[in-house]
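Examining the three-dimensional arrangement
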Amino acid sequence: MAKAETREQTTHGIVSLPTMPRTMLAGLILAAGKGTRMRGERAKVLHEVAGASMIELVSQAVRQAGVEKPIVVVGHDAETVVATLQDGTHQFVEQREQLGTGHAAMMAVDLLKGHDGPVLVTPGDTPLLSGETLAELVKTFTDEGAQAAVASFVTFEPGSYGRVVRDEEGHVSGIVEAKDATAEELEIKEVNAAVYCFDCATLLRHLPNLQKGNAQGEYYLTDVIAAIRGEGGKVVATCFDDPDEFMGVNDRWQLAEASRIMRLRVLRRHALNGVTIVDPSSTYIGAGVQIGPDTLVHPMTVIDGDTRIGSGCTIGPNAWVKDSAIGDGCQVFMSHVDQAEMADGARCGPFSNLRPGTRLGARVKIGNFVEIKNGQIGEDAAVSHLTYIGDASVGARTNVGAGTITCNYDGFAKHRTEIGADTFIGSNSTIVAPRTIGDGAMVAAGSVVTEDVPDDAMAVGRARQVTKEQWVASWRQRRQTETLKKNETSAD
Ligand code: UD1
Ligand code: CA
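Residues numbered from 1 in each chain as written. Chains lettered and ligands numbered in written order. Predicted model: local features only at pLDDT ≥ 70, side-chain atom pairs only at ≥ 80, totals over all residues. Heavy atoms only, no water.

Description of the packing of aromatic side chains
- Overall, the coordinates contain six aromatic pairs when judged by the stated rule.
- When the ring of Trp471 is compared with that of Trp475, the centres are 6.2 Å apart and the planes differ by 10°; the resulting orientation is stacked. Of this pair, Trp471 and Trp475 both sit in helix H11 (residues 471-491), four residues apart, roughly one helical turn.
- Overall, the relative accessible area of 37% leaves Trp475 in the partly exposed class.
- Three or more aromatic residues link up through ring pairs in this structure, and these residues are Phe153, Tyr161, Phe240 and Phe246. (Phe/Tyr/Trp six-rings, centres within 6.5 Å; stacked < 30°, edge-to-face > 60°. Helix = DSSP H or I, 4+ residues; strand = E, 2+ residues; numbered from the N terminus. Buried < 20%, exposed > 50% of the residue type's maximum accessible area, 1.4 Å probe, protein only.)

Structure (structure tokens):
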């Protein structure tokens, strides 16, 4: 079996594999089942594992193995499954009644007819499969000149998996479903991964003969294996050493387990690429995220969606970054960054909220309790404390003082605030948009800015301070005298 790291990368489409000549390999994905054990409405294969639906992950692996246009058997919630895969690289057949995996395969007979070569068959509920493993199974099938190759693995908890039964010589003689197995067969630890490569013509010849006289009253695809052996055909079972890859998800606990494994794979890929992941158990990184080397990811951090992070950054602890582009040497500390951009050396946090449309220039500093929405901040500018910047631009090197608010909304429409470069906005200023503040201008602390401020001007928009000398001293004196008088009267 190939090295784990290559396999893991392929699961996320990072590398494309050397494939067989494409026209030679057909593919069939069985995805019609409801997944009763999931105890919900949604078709099982639509449930997501670390951000992508199981059916998408399986289909990706199947295509990486060299199948150009997999046939997907849909049934339960067919419309949604079809919509999920609607990118022109799939063919669909419907299985109206779910009468078993063999029955599901029968639905594809018309599409497979005339195909001269192997057909790769996978379930739709094995999200951790990799293209490389599938390609390896196809290669074994071809090299061995077999009519069927079955992927198996050994587990100490064979549970509900079908057991691979071998004869005295070690050849596969059939697969027995757990519900149909004898006590002795249940002891078998080698189980069926439900991933097969069949000679297409052979499969099509046996499918119509399947019977449903078994414990579940279903047409089992697994019965084709014994049938091929029965007529003297060659069946090989390749026992793979990573059971995780074939993990079938039948209930939500297995879904959680598969997500955990998938997340670890992603984290491992980043770690091997030079990213320091301080605590894998509290770090979530989506499959599509890119991170440069020497970036440090602290605990309690979620990085998701279409996010790119450069090298030498520090992300977290307690950061949530989504669909954002972050340059080199940036810092996101206890903050939320959503659909935002941070140029090299920009910093935010603790407790910054960078909302969609935020663009921070190089070395910008955003501090605590600062919310920015659709705000563009020029390089080397600082917005350090307790501020709301909405629908606004702030020029380079400008300092926005604590408690500044851009009033962008008048109850009906949003308005912009344009603040120039090298400007100083005094603390606790309120800028009533639409407003322009020029380059090199200054706004006095506590101002309510209701008029534009030209370049290099100073604006004061507050009541003038009045200072009354000795006012408090005389007031105190008066109050004391009054209190004394009152006490004397009440004593009488
Ligand atoms: C199946 C195998 C079992 C194997 C296990 C591995 C059979 C009979 N059993 O059992 O040997 O160890 O997978 O995970 O094949 N499906 C349809 N139509 C149907 C029934 C199922 O499309 O009528 C699809 C499901 O959507 C699912 C896949 O086939 O994606 C497997 O079905 P499932 O019911 O989960 O089979 P298992 O009981 O897990
Ligand atoms: Ca299953």
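Thoughts on the pairing of strand E27 (residues 365-377)
- Sheet topology note: the strand E24 (residues 347-348)/E27 ladder contains two bridges and is parallel. Across the sheet, residue Arg347 finds its bridge partner in E27, namely Lys365.
- With three bridges connecting them, strand E25 (residues 352-354) and E27 associate as parallel partners. Within the sheet, the bridge partner assigned to Leu354 lies in E27 and is Ile372.
- By the bridge criterion, two bridges tie strand E26 (residues 359-360) to E27 in an arrangement that is parallel. Paired with Leu360 across the strands is Ile377, a residue of E27.
- Note: E27 against strand E28 (residues 382-394), ten bridges, orientation parallel. From the neighbouring strand, Glu371 faces E28, where its bridge partner is Tyr388. (Pairing = 2+ DSSP bridges.)

Things to note about the coordination of the calcium ion (ligand 2)
- Only Asp125 (OD) and Asn250 (OD1) from the protein reach the calcium ion (ligand 2) as donors, at distances of 2.5 to 2.6 Å. Of this pair, Asp125 sits in the loop between strand E6 (118-123) and helix H6 (131-144) while Asn250 sits in the loop between strand E11 (235-240) and helix H10 (252-272), and the two are 125 residues apart along the sequence. Neither Asp125 nor Asn250 differs from the other in exposure class; each is buried. (Donors = N, O, S within 2.8 Å, 3.2 Å for Na, K, Ca; no water.)

Thoughts on the side chain of Thr122
- Checked against the element boundaries, Thr122 lands in strand E6.
- Taking relative accessible area as the criterion, Thr122 reaches 0% and is therefore assigned buried.

What about the site of ligand 1?
- Inspection of the region around ligand 1 gives 24 residues, with Leu30, Gln95, Thr101, Glu177 and Asn192 positioned closest.
- Gln95 places a polar side-chain atom, nitrogen or oxygen, 2.7 Å from a nitrogen atom of ligand 1.
- Between an oxygen atom of ligand 1 and a main-chain N or O atom of Gly124, the distance comes to 3.0 Å.
- Compared with its free state, where it exposes 760 Å², ligand 1 has 90% of that area covered by protein.
- Looking at the shell around ligand 1, the elements that each hand over two or more residues are strand E1 (26-31), helix H4 (101-106) and strand E10 (190-199).
- In terms of residue count, the dominant contributor to the shell around ligand 1 is E10 (three residues).
- Of the residues in the shell around ligand 1, the class split is ten nonpolar, ten polar and four charged. (Near = heavy atom within 4 Å. Polar contact = N/O pair within 3.5 Å; in protein donor to acceptor, adjacent residues only side chain to side chain. Areas by Shrake-Rupley, 256 points an atom, 1.4 Å probe, with all protein chains shown as cover. Nonpolar A, V, L, I, M, F, W, Y, C, P; charged D, E, K, R; others polar.)

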